[in-house]
Amino acid sequence: MEQMERLLKDVHYKPPTLSSFSGERLPCAGEVSFEVWVRKVERHLQRDTSEHLLYNQIMKSMKGPALTLFLLMSGDLNLSETRISMRSSFGSAEKGISLLQTLFFSTQSEDEDVASFSRRLQIALNLAITRGTHMDDREGTLSEVFWKGLRWSEIRL
């Protein structure tokens, strides 16, 4: 009975969509980094998306070295194990504390507008936290790094 309910759920369920991921060092237009891609996969797994449906969408979203590695691994491992193996191949090796150090020394570049600088800091902080860095005052830290790193001193408080 449970299998029948799951089958009916799969039939009526709109498959998840995933952005393209190739595994290249610099993503091409329309592609996302491994960190963005794997976060979307994890979100679908948390929503109890059928592994079968998600597997098919993963296959459609991949190309290049990422697809080759996925095909080589996916026969022997379940989706969660494959994701962990892909992280070791395509994920950043930096630890959270190292990423946090980089964040604290970030400054706005010459060709970067304020909004882009702010987004870059938010992404860096989120990545440091997902890599195991504990942060009590996330917003305060982000604000401090933002104001300290602004290029134009006139804007600073």
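This structure is a prediction, so every number in the text was calculated from the model and none was measured.

Conventions used here
- Residues numbered from 1 in each chain as written.
- Predicted model: local features only at pLDDT ≥ 70, side-chain atom pairs only at ≥ 80, totals over all residues.
- Heavy atoms only, no water.
- Helix = DSSP H or I, 4+ residues; strand = E, 2+ residues; numbered from the N terminus.
- Buried < 20%, exposed > 50% of the residue type's maximum accessible area, 1.4 Å probe, protein only.
- Contact = heavy atoms within 4.5 Å.
- Areas by Shrake-Rupley, 256 points an atom, 1.4 Å probe, with all protein chains shown as cover.
- Axes fitted to C-alpha atoms, helices over the stretch in contact; angles between N-to-C directions.
- Parallel < 35°, antiparallel > 145°, perpendicular 65-115°, else oblique.
- Left-handed = near helix turned anticlockwise from the far one by under 90°.
- Nonpolar A, V, L, I, M, F, W, Y, C, P; charged D, E, K, R; others polar.
- Phe/Tyr/Trp six-rings, centres within 6.5 Å; stacked < 30°, edge-to-face > 60°.
- Arc of directions from axis to C-beta.
- Expected span 1.5 Å × (residues − 1).
- Core = buried A, V, L, I, M, F, W, Y, C linked by side-chain atoms within 4.5 Å.
- Salt bridge = Lys/Arg side-chain N within 4 Å of Asp/Glu carboxyl O.

**So, the overall build of the protein chain**
- Counting secondary structure elements, the protein chain contains eight helices and zero strands.
- Counting helices and strands in the order they occur from the N terminus, the protein chain gives α-α-α-α-α-α-α-α.
- In the protein chain, buried positions account for 33% of the 157 residues.
- Look at the contacts in the protein chain between residues 6 or more apart in sequence, and 59% of them connect residues 24 or more apart.
- Surface accessibility of the protein chain: about 10,400 Å² in total, with carbon and sulfur atoms responsible for 55%.

**Some points on the packing of helix α7 (residues 114-130) against helix α8 (residues 138-149)**
- Where α7 meets α8, the closest approach of the two axes is 10 Å, and the angle between their N-to-C directions is 140 degrees. The angle between α7 and α8 falls in the class oblique. As α7 packs across α8, the resulting crossing turns out to be right-handed. Contacts between α7 and α8 pair Val114, Phe117, Ser118, Leu121, Gln122, Leu125, Asn126 and Ile129 from the former with Arg138, Leu142, Val145, Phe146 and Gly149 from the latter.
- Residue composition of the contact of α7 with α8, by class: eight nonpolar, four polar and one charged.

**Focus on the packing of aromatic side chains**
- Inspection of every chain in the model, using the stated rule, returns six aromatic pairs.
- With 5.5 Å between their ring centres and 55 degrees between their planes, Phe21 and Phe34 make a pair best called tilted. Of this pair, Phe21 sits in the loop between α1 (2-12) and α2 (34-46) while Phe34 sits in helix α2, placing them 13 residues apart in sequence. Neither Phe21 nor Phe34 differs from the other in exposure class; each is buried.

**Digging into helix α3 (residues 51-61)**
- The complete set of buried residues in α3 reads Leu53, Leu54, Gln57, Ile58 and Ser61. Along the axis of α3, the buried positions cluster into a sector of 135 degrees, meaning they face one direction only. In this structure, α3 carries His52 and Lys60 as exposed residues pointing more than 90 degrees from its buried face.

**Brief notes about α2**
- In a regular helix each residue adds 1.5 Å, so 13 residues correspond to 18 Å; α2 covers 18 Å between its end C-alpha atoms and thus fits that length.
- When α2 is considered as a whole, its buried residues turn out to be Phe34, Trp37, Val38, Val41 and His44. Looking straight down α2, one finds its buried side chains confined to an arc of 115 degrees; they lie on one side.

**Considering the nonpolar core**
- By size, the foremost hydrophobic cluster in this structure holds 16 residues, and its most contacted members are Phe21, Phe34, Trp37, Ile58, Met62 and Met86.
- Mapped by element, the contributors of at least two residues to this core are α2, α3, α4 (64-74) and α5 (79-90).
- At four residues, α2 tops the list of elements feeding residues into this core.
- Not counting residues within four places of it along the chain, the set of residues in contact with Phe34 comprises Phe21, Met86, Arg87, Phe90 and Gly91.
- Within the second largest apolar cluster, 12 residues are counted, among which are Leu99, Leu103, Leu125 and Leu142.

**Considerations on the pattern of salt bridges**
- Applying the stated criterion across every chain yields a total of two salt bridges.
- Measuring nitrogen to oxygen at the nearest pair gives 3.2 Å for the salt bridge that ties Glu31 to Lys63. Placement of Glu31 in the loop between α1 and α2 and of Lys63 in the loop between α3 and α4 is noted, with a sequence separation of 32 residues between them.
- The salt bridge involving Glu112 is made with Arg120; its shortest N-O contact spans 2.9 Å.

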